[in-house]
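For reference, the chains in residue letters:
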Amino acid sequence: MPASSPQVLYTPAQRARRDATAWTLVQGILAPVQFLIFGISLYLVINSLQTSEHTEWALASVVLKTVVLYAIMVTGAIWEKVVFGQYLFAPAFYWEDVVSMLVMALHTAYVWAWWQGAWSANDLLWLALAAYGSYAINAAQYIRKLRMARLQKTETPSLPNTGAQAST
């Protein structure tokens, strides 16, 4: 395949498994819910840093965002196992999973620091912004892959036909 050819994300069999599993729907629901919570929380965090108002709401919103992040990570790992045969770091999503580990580490550090109560609210909010920056990069990675998957044809000439039929 020439170097200019688009990356193949799914073999026909993987695409069929992706389309058949309920975990695809779960991810399709959780992703926009998480993004909505992220947007609201980001507003609260920035507003709190600027005005020192509604700080408790801002701090709690990051915890909620982290809970949803854990839900999407666990169900995403299950989805990856069903589609690719491994829970994380499947070749098609390797770099997304690597960045996801950074996202998880920063969000987990936030929850730990929040739970311990040893950090100031301002320090927690700045840590939340770092976590949110990594999340934004990771979300962009997944949106790019979603677009690539939509552009990918059901069958690629360089791959053997497994007999699986899936819609595009």
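If you're wondering where the values come from, they're calculated on a predicted model, not measured in any experiment.

### Considerations on the overall build of the protein
Moving on, step 1. Along the backbone of the protein there are five helices and zero strands.
Moving on, step 2. Traced from its N-terminal end to its C-terminal end, the protein shows the element sequence α-α-α-α-α.
Moving on, step 3. Out of the 168 residues belonging to the protein, those deemed buried represent 39%.
Moving on, step 4. Here the analysis covers contacts within the protein between residues at least 6 apart in sequence; of these, 72% occur between residues at least 24 apart.
Moving on, step 5. Summed over its atoms, the accessible surface of the protein is roughly 9,700 Å², and 68% of this surface lies on carbon and sulfur atoms.

### Some remarks on the pattern of salt bridges
Moving on, step 1. Tallied over the entire structure, the rule returns two salt bridges.
Moving on, step 2. The closest approach of N and O atoms between Arg-18 and Asp-19, which form a salt bridge, is 2.7 Å.
Moving on, step 3. In this structure, Glu-96 and Lys-145 form a salt bridge, with 3.2 Å as the shortest nitrogen-oxygen distance. Highlighted residues: Glu-96 in helix 4 (residues 94–116) and Lys-145 in helix 5 (residues 121–151), separated in sequence by 49 residues. No difference in accessibility class separates Glu-96 from Lys-145, as the two residues are buried.

### Re helix 2 (residues 22–51)
Moving on, step 1. Helix length check: helix 2 (30 residues) gives 43 Å between terminal C-alpha atoms against 44 Å at 1.5 Å per residue, within 8%.
Moving on, step 2. Of the residues making up helix 2, those classed as buried are Gln-27, Leu-30, Gln-34, Ile-37, Phe-38, Ser-41, Leu-44, Val-45, Asn-47 and Ser-48.
Moving on, step 3. The inward-facing, buried residues of helix 2 contact helix 3 (55–84) and helix 5.
Moving on, step 4. Among the residues of helix 2, the N-terminal cap falls to Thr-21, whose side-chain oxygen and the backbone nitrogen of Trp-23 are separated by 3.2 Å.
Moving on, step 5. The first or second residue beyond helix 2 is Ser-52, which carries a positive phi of 60°.

### Description of a nonpolar patch on the surface
Moving on, step 1. A grouping of Phe-89, Tyr-94, Trp-95 and Met-101 is seen on the molecular surface, where their side chains present a nonpolar patch of about 410 Å² in accessible area.
Moving on, step 2. Examined against the element boundaries, Tyr-94 turns out to sit in helix 4.
Moving on, step 3. Take Tyr-94: its relative accessible area is 36%, and that puts it in the partly exposed class.

### Observations concerning the packing of helix 3 against helix 4
The angle between the axes and the distance between the axes are what describe a pair of packed helices.
Moving on, step 1. Running from N to C, helix 3 and helix 4 point in directions that differ by 145°, and their axes come no closer than 10 Å. Taken as a pair, helix 3 and helix 4 cross one another with a handedness that is left-handed. Across the interface between the two elements, Leu-59, Val-62, Val-63, Lys-65, Thr-66, Leu-69, Tyr-70, Met-73 and Glu-80 of helix 3 pack against Asp-97, Ser-100, Met-101, Val-103, Met-104, His-107, Thr-108, Tyr-110, Val-111 and Trp-114 of helix 4.
Moving on, step 2. A class-by-class count of the residues in the contact of helix 3 with helix 4 yields twelve nonpolar, four polar and three charged.

### Description of the confidence of the model for the protein
Moving on, step 1. Chain-level pLDDT for the protein is 89 on average; 86% of the residues reach the 70-or-more range.
Moving on, step 2. Below pLDDT 50 for its whole length, residues 154–168 participates in 29 contacts with residues either more than four positions away or in separate chains.

### Quick look at the packing of aromatic side chains
Moving on, step 1. Under the counting rule described, the total for this entry stands at twelve aromatic pairs.
Moving on, step 2. Following the ring pairs from residue to residue traces out a cluster consisting of Tyr-10, Trp-79, Phe-84, Phe-93 and Tyr-142.
Moving on, step 3. Against the face of Tyr-10 rests Arg-18, its NZ or CZ located 4.8 Å from the ring centre.

### Considering helix 3
Moving on, step 1. Between the first and last C-alpha of helix 3 there are 42 Å, a value that for 30 residues agrees with the 44 Å anticipated at 1.5 Å per step.
Moving on, step 2. Residue Gly-85 follows helix 3 closely and has a positive phi angle near 90°.

Analysis parameters
Residues numbered from 1 in each chain as written. Predicted model: local features only at pLDDT ≥ 70, side-chain atom pairs only at ≥ 80, totals over all residues. Heavy atoms only, no water. Helix = DSSP H or I, 4+ residues; strand = E, 2+ residues; numbered from the N terminus. Buried < 20%, exposed > 50% of the residue type's maximum accessible area, 1.4 Å probe, protein only. Contact = heavy atoms within 4.5 Å. Areas by Shrake-Rupley, 256 points an atom, 1.4 Å probe, with all protein chains shown as cover. Salt bridge = Lys/Arg side-chain N within 4 Å of Asp/Glu carboxyl O. Expected span 1.5 Å × (residues − 1). Polar contact = N/O pair within 3.5 Å; in protein donor to acceptor, adjacent residues only side chain to side chain. Patch = residues over 30% accessible without salt bridge, like charges linked within 9 Å, V, L, I, M, F, W, Y side chains within 5 Å. Axes fitted to C-alpha atoms, helices over the stretch in contact; angles between N-to-C directions. Left-handed = near helix turned anticlockwise from the far one by under 90°. Nonpolar A, V, L, I, M, F, W, Y, C, P; charged D, E, K, R; others polar. pLDDT = per-residue confidence, 0-100. Phe/Tyr/Trp six-rings, centres within 6.5 Å; stacked < 30°, edge-to-face > 60°. Lys NZ or Arg CZ within 6 Å of the ring centre and 35° of its normal.

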